Amino acid sequence: MRQTVPGARARAVLAGLLPRRADWTPARRNPRRDLLAGLTVAIVALPLALAFGVSSGLGAQAGLATAIVAGILAAVFGGSNLQVSGPTGAMTVVLVPIVHRFGAGGVLMVGLLAGAILVGLAVAKTGRFIQFVPAPVIEGFTAGIAVVIALQQVPAALGIAGVDGERVWQVAFEAAARYVATPDPVPLVMALAVAGLMLAGGRRRPGVPFSLIGVVLATVIAEAGGLDVARIGALPVTLPAPSLGFVDLGTLSALLPSALAVAALAALESLLCASVADAMSVGEKHDPDRELFGQGIANLAAPLFGGVPATAAIARTAVNVRSGAQSRLAALSHAVVLAVIVLAASGLVGRIPLAALAGVLLATTVRMVEVASMRAIARATRGDALVLTLTFIVTVALDLVTAVAVGIGVAIVLALRAIARTVQVEQVPLEAGDHSQEEQRLLAEHIVAYRFDGPLFFAAAHRFLLELSKVADVRVVILRMSRVSTIDATGAQVLGDVITRLERRGITVLLSGIRPGHDHVLAALGVADHLRQDGLIFPDTPTAIKHARGLVTGLSPAPSV
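Here the structure is a predicted model, which is why all the values come from computation and not from measurement. (Residues numbered from 1 in each chain as written. Predicted model: local features only at pLDDT ≥ 70, side-chain atom pairs only at ≥ 80, totals over all residues. Heavy atoms only, no water.)

Trainee: When you look at the environment of I537 in this model, what are you seeing that I'm missing?
Mentor: Tracing the backbone shows I537 in strand β8 (residues 537–538). Put simply, I537 and V509 are 28 residues apart on the chain and 9.0 Å apart in space, counted from C-alpha to C-alpha. (Helix = DSSP H or I, 4+ residues; strand = E, 2+ residues; numbered from the N terminus.)

Here it is as structure tokens:
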């Protein structure tokens, strides 16, 4: 029986992640509407897929392969009915250093490893933890990504080729320096014109695909005018056959950190995107673990067809929802339309100027930054402003994963600091009742009670120690523990240290109201064992006060545990 239980659990977990017939029930309501939404998304996605492929360093065909393969598989296996997946700007930011260090084969291997990691995260049911990422971290790295993507477009927008480097700001600076030496206004004007058309047109007619219009117009002008600008180049008429020829087991250990970074980004961006899709729609709620599983399957398959690592795309998902999509059929049909374009119009796509695609991404970076949201967060608290700023700076200067780690780390420290400040160590009345005035004076002079409110943990332990170190001129100290919400090893050890210090000064320490779970922590660390043996730990405060009165008057009652 013991051997079958793990197997049954594994089957149950897998069954919860696999596609279901009910996933496609919404598609039967109005399939025409979903197909039209998919066509609209494909029109928007085409220039973005080409641009992100070029920006990643693997070429436009890699972006198209990713949009097709990942778009289909994420739609089938993912946990959201409305989400659209493919290459994204955030992912290209992570991929550029990998291309620089390991080449195209390294990127494909990283995608494969990242897919396996995502499947593992789905099986481990970690999808729900996305809710713990602070908003300042999300806004900070989103703004940082926008700046990095913009810097990546500088060489193409200026018509400068052959610039290489691991840091995008270094590449942008070198491209700008070379442009000043030999300026050519055509690529720059083309990039700015496409970006301007997208931004200005998008404000007036948000439903019109100005990105595709801008790319088409730039291509027509370049062809008709015989302009000497860099082009995408010839694309393969079909996707490459599945191949594992790029796998080099000797580089696995070196690629694993990059794979972890890609998997972390794919998980973060996809789950955030799914939450956005839910908020934009009515009655939709994604399954975070299935979404991780779908992204894992997509990233396992995309490298086999020459694609780059993929994730859900917020911009394309938003277009999908606004176009009236109601089911996975829309995302699936968008990928099919892109596949048809690869088969039927690869020659025309290859004539698109790189500067036009640079303009598409420049406009995209402007749209990525929510200035009002960033301003609101920066004004909320100094801590939020610090987290946002640090995450932004580290994203631009170093890399996205380091930035998220720094942002979350600083946010945790600030949160612990805030929680520690809520902990109160307060002297409270003894509730003396009907005792005489002389007895009250004696009790007031020789007995003091302290009540703890909040968590007694490592972040508050030092303050707790300082507070009780001030106790003087008393014979008995009662520590009321009933309102301690949690206690960890550090808090327990500091409590033991306080008891020892007070006893060395001749003060008797009584404890009252310790919760069972907290008593287990104290017992495990050997804290207050002698108090327990001497009967100086009491179930409630009145009993402890009664015992303290007996001590100061010399009429101590029998210890009560």
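Trainee: Quick question: what am I supposed to make of the pattern of salt bridges here?
Mentor: Pairing between side chains becomes possible if they bear opposite charge and their charged atoms approach one another. This model, assessed by the stated rule, comprises nine salt bridges. Between R290 and D23 there is a salt bridge, with its nearest N and O atoms 2.7 Å apart. Of this pair, R290 sits in helix α11 (residues 288–301) while D23 sits in the loop between α1 (4–17) and α2 (31–56); the two residues are 267 residues apart in sequence, bridging distant segments of the chain. Like R290, the residue D23 is buried in the burial classification. Because the salt bridges share partners, they merge into one network encompassing D23, R290 and R328. (Salt bridge = Lys/Arg side-chain N within 4 Å of Asp/Glu carboxyl O. Buried < 20%, exposed > 50% of the residue type's maximum accessible area, 1.4 Å probe, protein only.)

Trainee: Would you mind showing me how to read helix α3 (residues 60–77) here?
Mentor: Helical periodicity: at 3.6 residues per turn, an α-helix aligns residues three or four positions apart in one direction. Compared with an ideal rise of 1.5 Å per residue, which puts 18 residues at 26 Å, α3 spans 25 Å between its outermost C-alpha atoms and is within 8% of the ideal. When you tally the buried positions in α3, you get 14 out of 18 residues, the bulk of the element. (Expected span 1.5 Å × (residues − 1).)

Trainee: What am I meant to see in the pairing of strand β5 (residues 476–480) here?
Mentor: In summary, the side chains of a regular strand alternate between the two faces of the sheet. β5 sits mainly inside the fold: five of its five residues count as buried. Here β5 shows no split at all, with V476, I478 and R480 on one side and V477 and L479 on the other all buried. Note: strand β4 (residues 447–456) against β5, five bridges, orientation parallel. The residue bridging V448 from the neighbouring strand is V477, located in β5. Here β5 pairs with strand β7 (residues 508–512) via five bridges, running parallel. (Pairing = 2+ DSSP bridges.)

Trainee: Looking at this model, I keep getting lost on the environment of V349. Mind explaining?
Mentor: Positionally, V349 belongs in helix α14 (residues 346–349). For V349, a relative accessible area of 7% translates into the label buried.

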